[in-house]
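Structural overview
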Amino acid sequence: MALNPRRLRAIVLNAAVACVTLVTLLPFVWMVIVSFMPRYESSRYPPPLWPSRWTLGNYYELLVRRQYDGAWFDYRILPAMGNSLLVAAISTLLGLLLTVPAGYAFAKLHFRGRERLLKMLIASLVIPGQVAMLPLFLIFRELGLVDSYAGVILPSLAGIFAILFVRQATLGIPDEMIDAARLDGAGETRIFVSIVLPLLMPITVTLALFLFLGSWNDFLWPLIVLSDQHHYTLPVAVAAISREHAADGELMMAAAVVTTLPVLALFLALQRYYIGGLLGGSIKG
Amino acid sequence: MTRQERSAWLFTTPVLAVIALVFVLPTVLALGLSVTDYSIYALADWSNLRFVGIGNFTDLLATPLFWRALGNTAIFAVIGVPMAIGTSLFTALLLNDATVRWKPLWRVALFAPYVTGIVATAVVWRFLLNTRFGLLNWLLGQVGVAPVDWLGDPRWSIPAILLFVTWKVFGYNMIVFTAALAAVPEELMEAARLDGAGPWTRFRHVTLPAIGPTLLLAAVLSVAGFLQLFAEPYVMTLGGPSQSTVTILYFMFDEGFKWWNLGQASAVAFVLLILILSLTLIQTRIGRRYEWL
């Protein structure tokens, strides 16, 4: 087999890509390996690259409720996971319900003030959300929403990006289709539900994924608005226990696995939609 | 009002109402809050609230930690933005080469850090960066580098966090650059090659102008992103060692929700807003000059 320059180039570049990928994935691989090590094994030098024996002990310690001296003890990771799941699911569903029709309206329905509203929405994208956080906290305090799930969810529903995302996708639907339905006497809601929505299905899945992962990973606002640890979402709970257990490498890696695994699984299952959404359909493969 | 108009409002009003309640109204109120001395006393009783004009802003200028936070954030942005964009562009160029196989597979793998949460991955990185047992120092030790106290030495804490942030975010711009690179005209590339242009000249005069607008957008978003660093220092260093990783948002969070000086914290939020707006403006100006907009 002759090693011509093109072949050599292919080998070098493929190896380089493989190396970059390996380095990128190394933290995840290390996280999983350490999470199965017996307690304190990772706190040695040189770091053991493989567990001396594989154990589920860290996961047991982290996830299972136990009784110590007559009192129940657990790290509240499973309840926090439940909270995160609930919050992310409601955020996603309500987010879709609010933003998909709005995105369609901004693309295809004519109403006074549409262009001005659209410009305002685009302009507001440069304002960092943190500016609103302090007064929002005070407003929610007046409304009794502090330390409630509603208080976590409500800000995530202001989906300016989502509206623009849906609008962009809707612009591709031919007007003739909608006008034809109008001539046939279909109402606007009917047109949206039975003609536009099916066409928007792929983009809706993409948006749902964005919303779900955004909510699942959100940290700053839940940290601010939640005070009772029974209401903590997963990132807030993990941050809290990582402060006290920074030295417990194996336990913290198990916590990191439990937090990132659902996200990675969801991403892998729907990565076509996710990456396709980022590219706006400009690339295939 | 026509039927269409009625439906349009039916479709848009709910979300616009939410946006008004949780974004527009608070942003306006933040301006009001920033000229008051809203603190824990006002939190207990509104009558303790006083108007202080630009007092919060002048106080900030006299607060050393605020300047420290500004400086730290500037260092984060000045090193971090080129580092993050450079890594993204490098991997995108690598992936764009015709000889590279299994592109979708690499793309998904390289994007994985971006979709995972900051808290869990910061916990992992804090462990990787551990001075004594960390994998990074062990690897450095293999090539003869003495252990670095990544998160305990003020000189290394920012580079350490930047390493983590770059790892976390480069996949996003990589995907965006991949799309832009796919649109670089092949004929132009071929013509340059025939004219004897080397790889660097081709990159400089064919690729770069073609991906210019994408690069500009990535720069604008990255600058805004790096100015908003919070969770990384919060989880990894708590702003330390010796306040070397206190960012603007970290300062705002502490000022607002630890010490309950909400007036002062609002002033900080406005400084951040003005910074982001003016940097975006400057970048779009530069972009116009190169006709990337």
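Before going into details, it helps to say that this report is about the structure given with it.

Thresholds, definitions, all that
Residues numbered from 1 in each chain as written. Chains lettered and ligands numbered in written order. Predicted model: local features only at pLDDT ≥ 70, side-chain atom pairs only at ≥ 80, totals over all residues. Heavy atoms only, no water. Helix = DSSP H or I, 4+ residues; strand = E, 2+ residues; numbered from the N terminus. Buried < 20%, exposed > 50% of the residue type's maximum accessible area, 1.4 Å probe, protein only. Contact = heavy atoms within 4.5 Å. Areas by Shrake-Rupley, 256 points an atom, 1.4 Å probe, with all protein chains shown as cover. Lys, Arg positive; Asp, Glu negative; His and termini not counted. Charge placed at Lys NZ, Arg CZ, Asp CG, Glu CD. Axes fitted to C-alpha atoms, helices over the stretch in contact; angles between N-to-C directions. Parallel < 35°, antiparallel > 145°, perpendicular 65-115°, else oblique. Nonpolar A, V, L, I, M, F, W, Y, C, P; charged D, E, K, R; others polar. Phe/Tyr/Trp six-rings, centres within 6.5 Å; stacked < 30°, edge-to-face > 60°. Lys NZ or Arg CZ within 6 Å of the ring centre and 35° of its normal. 1 Å grid on protein atoms, 1.4 Å probe; cavity = no way out; pocket = protein on both sides within 12 Å on 5 of 7 lines; lining within 4 Å. Points joined across faces, edges and corners; volume = space filled by probe spheres on them. Buried area = accessible area lost by both parts, 1.4 Å probe. Salt bridge = Lys/Arg side-chain N within 4 Å of Asp/Glu carboxyl O. Polar contact = N/O pair within 3.5 Å; in protein donor to acceptor, adjacent residues only side chain to side chain. Patch = residues over 30% accessible without salt bridge, like charges linked within 9 Å, V, L, I, M, F, W, Y side chains within 5 Å.

**So, the overall build of chain B**
- Across its full length, chain B holds 13 helices and zero strands.
- In sequence order, chain B lays out its α and β elements as α-α-α-α-α-α-α-α-α-α-α-α-α.
- With the principal axes as the frame, chain B shows a C-alpha extent of 75 × 70 × 35 Å.
- Buried residues in chain B amount to 55% of all 293 residues.
- Of all intrachain contacts in chain B linking residues separated by at least 6 positions in sequence, the fraction that spans at least 24 positions is 66%.
- When the accessible surface of chain B is summed, it comes to about 13,400 Å², and 67% of that surface belongs to carbon and sulfur atoms.
- Across chain B, the 18 positively charged side chains and the 15 negatively charged ones have centroids separated by 4 Å.

**Some thoughts on unusual backbone geometry**
Residues and elements named next belong to chain B.
- Residue Pro241 is bonded to the preceding Gly240 through a cis peptide linkage, with omega at -10°.
- Within the secondary structure layout, Pro241 lies in the loop between helix H11 (231–236) and helix H12 (248–258).
- Phi at Ser242 takes a positive value of approximately 40°, unusual for a residue other than glycine.
- Along the chain, the position of Ser242 falls in the loop between H11 and H12.

**Observations regarding the packing of helix H12 (residues 234–244) of chain A against helix H13 (residues 249–279) of chain A**
Residue and element names in this part refer to chain A.
- Viewed as axis vectors pointing N to C, H12 and H13 meet at an angle of 175°, and their least axial separation amounts to 11 Å. Here H12 is positioned roughly antiparallel relative to H13, judged by the angle of their axes. Between H12 and H13, the residues in contact are Leu234, Val238, Ile241 and Ser242 and Met252, Ala255, Val258 and Thr259, respectively.
- In the contact of H12 with H13, the residues fall into six nonpolar, two polar and no charged.

**Focus on the packing of aromatic side chains**
- One pass over the structure, following the stated rule, counts 41 aromatic pairs over all chains.
- Residues Trp125 of chain B and Trp167 of chain B carry aromatic rings whose centres are separated by 5.5 Å and whose planes lie at 50° to one another, so their mutual orientation is tilted. Of this pair, Trp125 of chain B sits in helix H6 (residues 118–128) while Trp167 of chain B is found in helix H8 (residues 154–182), placing the two residues 42 residues apart along the sequence. Comparing Trp125 of chain B with Trp167 of chain B, the two get one shared label, buried.
- Taken together, a centroid distance of 6.2 Å and an interplanar angle of 50° make the contact between Tyr234 of chain B and Tyr250 of chain B tilted. In this pair, Tyr234 of chain B sits in helix H11 while Tyr250 of chain B sits in helix H12, placing the two residues 16 residues apart along the sequence. Like Tyr250 of chain B, Tyr234 of chain B is buried.
- Three or more aromatic residues joined by ring pairs form one cluster here, namely Phe137 and Phe219 of chain A together with Phe230, Tyr234, Tyr250, Phe253, Phe257 and Trp260 of chain B.
- Its guanidinium or amino end placed over the ring of Tyr40 of chain A, Arg39 of chain A lies 5.5 Å from that ring's centre, counting from NZ or CZ.
- For the cation-ring pair, Lys168 of chain B lies above Tyr114 of chain B, with the distance from its terminal atom to the ring centre recorded as 5.8 Å.

**Some points on empty space enclosed by the protein**
- Under the counting rule described, the total for this entry stands at one cavity of 30 Å³ or more.
- What the largest cavity holds in volume is close to 30 Å³.
- Lining of the largest cavity is provided by Asn217, Pro235 and Thr259 of chain A together with Gly117, Ile118, Val119 and Ala120 of chain B.
- The dominant element in the lining of the largest cavity, judged by the number of residues it contributes, is H6 of chain B, at three residues.

**A closer look at the layout of surface pockets**
- By volume, the second largest pocket amounts to about 850 Å³.
- Lining the second largest pocket we find 27 residues, and of these Arg9 of chain A together with Leu93, Asn96, Asp97 and Met189 of chain B sit closest to its centre.
- The element best represented in the lining of the second largest pocket is helix H4 (residues 64–96) of chain B, accounting for five residues.

**Thoughts on the environment of Ser43 of chain A**
- Along the chain, Ser43 of chain A turns up in the loop between helix H1 (5–35) and helix H2 (57–63).
- Taking the C-alpha atoms as reference, Ser43 of chain A lies 17 Å from Arg243 of chain A; in sequence the two are 200 residues apart.
- If sequence neighbours within four positions are ignored, Ser43 of chain A has contacts with Ala247 and Glu250 of chain A together with Phe133 of chain B.

**Brief notes about the interface of chain A and chain B**
- Each partner contributes to the interface: chain A provides 101 residues, whereas chain B provides 89 residues.
- Between chain A and chain B the total buried area reaches about 8,200 Å² when both faces are included, carbon and sulfur atoms providing 80% of it.
- For chain A, the biggest contributors to the area lost against chain B are Val17, Val131 and Leu134 of chain A; these three give 8% of the whole.
- Between the two partners, chain A and chain B, sit one salt bridge.
- A salt bridge links Arg9 of chain A to Asp97 of chain B, with the nearest nitrogen and oxygen atoms 2.4 Å apart.
- Taken together, the connections running from chain A to chain B amount to 12 residue pairs in polar contact (both at pLDDT 80 or more).
- For the side of chain A that touches chain B, the residue count by class is 69 nonpolar, 21 polar and 11 charged.

**Quick word on a nonpolar patch on the surface**
All names here are of chain A.
- On the surface, Leu86, Ile90, Leu94 and Leu97 cluster together into a nonpolar patch covering about 340 Å² of accessible area.
- Turning to its location among the elements, Ile90 is positioned in helix H3 (residues 77–108).
- Among the residues examined, Ile90 registers a relative accessible area of 33% and is labelled partly exposed.

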